[in-house]
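# Close look at the chain arrangement
Chain residues, written in single-letter form:
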Amino acid sequence: MPELIQRRDLDFLLHEWLRIETLSRYPRYSGQDRASYDDVIDAATVLAEEQFLPHAAKLDANEPHFDGERVHLIPEVKAALDAYIDGGFLGTAFASEHGGLQLPYTIFQAVSALFTAANIGTAGYLFLTGAAANLLAAHGSPEQRQRYMRPMIEGRWFGTMCLSEPQAGSSLGDIKTRAKPLPDGGYAISGNKMWISGGEHDLSENIVHHVLARIDGAPAGVKGISLFIVPKYRVNADGSLGAKNGVRLMGLNHKMGYRGTTNTALSFGEQGDCVGELVGAPGQGLACMFHMMNEARIGVGLSAVALASAGYRYSLDYAKTRLQGRPASNKNPEAKPVAIIEHSDVRRMLLQQKAYVEGGLALCLYCARLVDEELANPDEQVRADAHLLLDILTPIAKAWPSEFCLEANKLAIQVLGGYGYTRDYPVERLYRDNRLNPIHEGTNGIQGLDLLGRKVLMQNGAALKLLLGRIQASIASARASGDAALTEYADALANAIDAATRTTMTLGAAAAQGKLDLFLANAHLYLEMMGHTVIAWLWLQQAELATKALPSASAADQDYYQGKRWACRYFIRHELPKALRQAELLATLDDTTLNLPIAAL
């Protein structure tokens, strides 16, 4: 395999664009510098290539199986996880007081992308555990953080989140899992959960399940949902493990891709008592769980980018070495075949992949930088702005990469042609792995409803106004550069912003008139429109930086920076116009899908 995520691009995004080393001005990250960040990324690169990548295809071909008593996985999985844990990567972004390295979340996300690109099936256990531990860092009691979070950060215990149920799916207000108060302050948990990733295995000493349930007597709907810690094995007062806790594996779900991470149906309290501990206040379960969910959503977007990057880099390498055909202008049948990258349609597919992958990576790392600002910046207004921007960008960061980076994986298969459709090459596996990302942690349709129905209109549009203000500032900067190409791109983005603003006002007026179903009927289109607009903004920033760097760049960097300018040109000219068409359609308040008679289907 070639370089799965281009290190030069990580360096550009982290250091030239996000200027990540400036975080060392904040007390939380004091004493850190570029060298320390680069050392962590270097170590992660080696570990991902040596311990995760080699068994990715084997794990896909030999998915976990359940013999009725225990789940079996190939031994390479645990060996890789142990190496990751021994390297301290699980605690990368956690505070030192909890046993972590206290590095920026942005660095953790960059590292996570490397492991995901190498082997998402194995890496999935780690990222679930990190998110589960982070939930307790935010909402757990001091005792819960000591008893449950610390062993997860140390890698001795793994974690999950248990939201969905067989009958409810994404409609969390309809969950039926019960929590009955016990005299000692605990709760007896009973019910069934479905689609629980990492729900059963022997990879760790214990599994800490975060379970949504309804306390007896709680109101119907989401307001009656609470959050509970439900470990696989009960935990004694001294932190040692006790008896099994009544969590039973009912079966494994067999997936199209992402096969290495067990996906389970679990029952609670069906065979023996199952005891849970309340996290936070009763009725605040969704608010607590969404701390983990929102982190996971950014992680989903990053996973989609990483898998697409691996496919892009492989298809790029293949296209440079695969000889086939001749240029259309060469009519000599005896002429030597050329590398397929010489054909314009292959270059189109590669450039399209590059635009999606590097645009998506910029979006996810930008969101990670916002997490660092909200967490560590001493300026209260900066923290508040970071929170608002995260609110509005999170559904985009989850959905846009999982849609368009999946498209990039499809293009990687197309570049290889028939070979790409076989298991002799990794691109078909990468596509199958990536196909889960538009579904889990809230489908892309749900992300559209969240963006338009909640995030855009909240606080009288404060988050949208802040985002548009940031985009307008980038447009002004590009126009002031004096570069004709950047001015063209800035003008195109300005037109898209104007169209998005007018469309949002039209939709908002429909909502104000009580036409909520019509307002949300095409939320998925609104999400795509805003996603393309945001990615165009990030490409404009990258192109402006590349333009400034070109005059003094080395020969190798000349090619790299020109690549940024070409990718920006492609995205602005070929992709951004799609947002304008979507804005036009949205502004008509089209009711095609809303009023479609079911019988017509």
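Residues numbered from 1 in each chain as written. Predicted model: local features only at pLDDT ≥ 70, side-chain atom pairs only at ≥ 80, totals over all residues. Heavy atoms only, no water.

This part is about the overall build of the chain. When helices and strands are counted, the chain shows 16 helices and twelve strands. Relative to its length of 601 residues, the chain is compact, with a C-alpha radius of gyration of 25 Å against a globular reference of 25 Å. Once the C-alpha set of the chain is aligned to its principal axes, its extents read approximately 80 × 60 × 60 Å. Here the chain, with 601 residues, has 57% of them falling under the buried criterion. Counting contacts in the chain only where the partners sit at least 6 residues apart, residues at least 24 apart contribute 74% of the total. Total accessible area on the chain is roughly 24,300 Å²; 52% of this is exposed by carbon and sulfur atoms. Of the side-chain charges in the chain, 57 are positive and 65 negative, and the distance between the mean point of each set is 4 Å. (Helix = DSSP H or I, 4+ residues; strand = E, 2+ residues; numbered from the N terminus. Rg over C-alpha atoms; globule rule 2.2 N^0.38 Å. Buried < 20%, exposed > 50% of the residue type's maximum accessible area, 1.4 Å probe, protein only. Contact = heavy atoms within 4.5 Å. Areas by Shrake-Rupley, 256 points an atom, 1.4 Å probe, with all protein chains shown as cover. Lys, Arg positive; Asp, Glu negative; His and termini not counted. Charge placed at Lys NZ, Arg CZ, Asp CG, Glu CD.)

This paragraph deals with empty space enclosed by the protein. Under the counting rule described, the total for this entry stands at five cavities of 30 Å³ or more. Taken as a whole, the largest cavity holds about 350 Å³ of empty space. Taken together, 24 residues form the lining of the largest cavity, with Phe127, Leu128, Ala296, Gly299 and Val300 sitting closest to its centre. Residue assignment for the lining of the largest cavity shows that the elements contributing at least two residues are α5 (105-139) and α7 (285-321). A total of ten residues in the lining of the largest cavity trace back to one element, the largest contributor, which is α5. Classifying every residue of the lining of the largest cavity by side-chain character gives eleven nonpolar, eleven polar and two charged. Taken together, domain 1 (7-154) and domain 2 (158-283) each give at least three residues to the lining of the largest cavity, which thus spans both. (1 Å grid on protein atoms, 1.4 Å probe; cavity = no way out; pocket = protein on both sides within 12 Å on 5 of 7 lines; lining within 4 Å. Points joined across faces, edges and corners; volume = space filled by probe spheres on them. Nonpolar A, V, L, I, M, F, W, Y, C, P; charged D, E, K, R; others polar. Domains from an automatic or database assignment.)

Here the focus is the side chain of Arg429. With respect to the helices, strands and loops of the structure, Arg429 is situated in helix α10 (residues 427-434). For the buried Arg429, which has no salt bridge, the nearest side chain bearing the opposite charge is Asp433, at an N-O separation of 4.1 Å. Discounting residues that sit within four places of it in the chain, Arg429 has contacts with Ala56, Ala57 and Asp60. (Salt bridge = Lys/Arg side-chain N within 4 Å of Asp/Glu carboxyl O.)

Okay, the pattern of salt bridges next. Within the structure shown, the criterion is met by 35 salt bridges. Across the pair Arg156 and Glu154 runs a salt bridge whose closest N-O atoms are separated by 2.9 Å. Look at Arg156 and you get partly exposed, because its relative accessible area is 33%. A residue is classified by how much of its surface remains accessible, and Glu154, at 38% relative accessible area, is partly exposed. Salt-bridge contacts for Glu428 lead to Arg432; the nearest nitrogen and oxygen are separated by 2.8 Å. Taken together, the residues Glu428 and Arg432, both in helix α10 and four residues apart, mark about one turn of the helix.

Let us look at the pairing of strand β6 (residues 206-215). Burial analysis of β6 places ten of its ten residues in the buried class, the great majority of the element. As paired strands, strand β3 (residues 157-162) and β6 are joined by six bridges and run parallel to one another. Residue pairing in the sheet places Cys162 in a bridge with Val211 of β6. Bridge analysis of strand β4 (residues 178-181) against β6 gives two bridges, and the strand direction is parallel. (Pairing = 2+ DSSP bridges.)

The residues that UniProt annotates with the feature "domain: Acyl-CoA dehydrogenase/oxidase N-terminal" (unreviewed entry) are residues 40-155. Secondary structure content for residues 40-155 is 67% helix and 3% strand, while the C-alpha to C-alpha distance between its ends is 18 Å. (UniProt positions renumbered as here; feature names shortened; annotations may be inferred.)

For the structure shown, the criterion picks out 21 aromatic pairs. Relative to Phe115, the ring of Tyr84 lies with its centre 4.9 Å away and its plane at 75°, an arrangement referred to as edge-to-face. With a gap of 31 residues between them, Tyr84 in helix α4 (residues 75-86) and Phe115 in helix α5 connect regions that are remote in the sequence. Each of the two residues, Tyr84 as well as Phe115, counts as buried. Through a chain of ring-to-ring contacts, three or more aromatic side chains come together here, namely Phe52, Tyr84, Phe89 and Phe115. The lysine or arginine in question, Arg8, covers the ring of Tyr560, its NZ or CZ lying 4.6 Å from the ring centre. (Phe/Tyr/Trp six-rings, centres within 6.5 Å; stacked < 30°, edge-to-face > 60°. Lys NZ or Arg CZ within 6 Å of the ring centre and 35° of its normal.)

What follows covers the pairing of strand β12 (residues 275-279). When strand β5 (residues 187-197) meets β12, the two strands line up antiparallel, connected through two bridges. Within β12, the position partnered with Tyr187 by the bridge is Gly276.

A separate point is the domain arrangement of the chain. Examined at the domain level, the chain breaks down into domain 1 (7-154), domain 2 (158-283) and domain 3 (445-591). For domain 2 and domain 3, the distance between their C-alpha centres works out to 40 Å.

Those places that UniProt annotates as "domain: Acyl-CoA oxidase/dehydrogenase middle" (unreviewed entry) correspond, in this numbering, to residues 161-268. What you have in residues 161-268 is 0% helix and 49% strand, and the ends, taken at the C-alpha atoms, are 14 Å apart.

The next point concerns the environment of Tyr561. Along the chain, Tyr561 turns up in helix α16 (residues 555-587). Between the C-alpha atom of Tyr561 and that of Ser344, which follows or precedes it by 217 residues, the distance is 21 Å. Ignoring any residue separated from it by four or fewer positions in sequence, one finds Tyr561 in contact with Arg8, Phe12, Glu16, Ala546, Ala549, Leu550 and Ala553.

Okay, helix α9 (residues 380-416) next. For α9, spanning 37 residues, the distance from its first C-alpha to its last is 51 Å, which sits close to the expected 54 Å at 1.5 Å a residue. Along α9, the largest kink reaches about 40° and is centred on Leu393; proline Pro395 follows within four residues of it. Among the 37 residues of α9, 27 are classified as buried, and the element is accordingly described as predominantly covered. Regarding α9, its N-cap is Asp379, as a side-chain oxygen of that residue lies 2.8 Å from the backbone nitrogen of Gln381 further along. (Expected span 1.5 Å × (residues − 1). Bend = angle between axes of the 7 residues up to and from the residue. Polar contact = N/O pair within 3.5 Å; in protein donor to acceptor, adjacent residues only side chain to side chain.)

Tyr84, Phe115 and Tyr526 are the most contacted members of the largest nonpolar core, which totals 154 residues. With 18 residues, α9 is the single largest residue contributor to this core. Membership of the second largest hydrophobic core comes to 28 residues, among which are Leu136, Met149, Trp157 and Val208. (Core = buried A, V, L, I, M, F, W, Y, C linked by side-chain atoms within 4.5 Å.)

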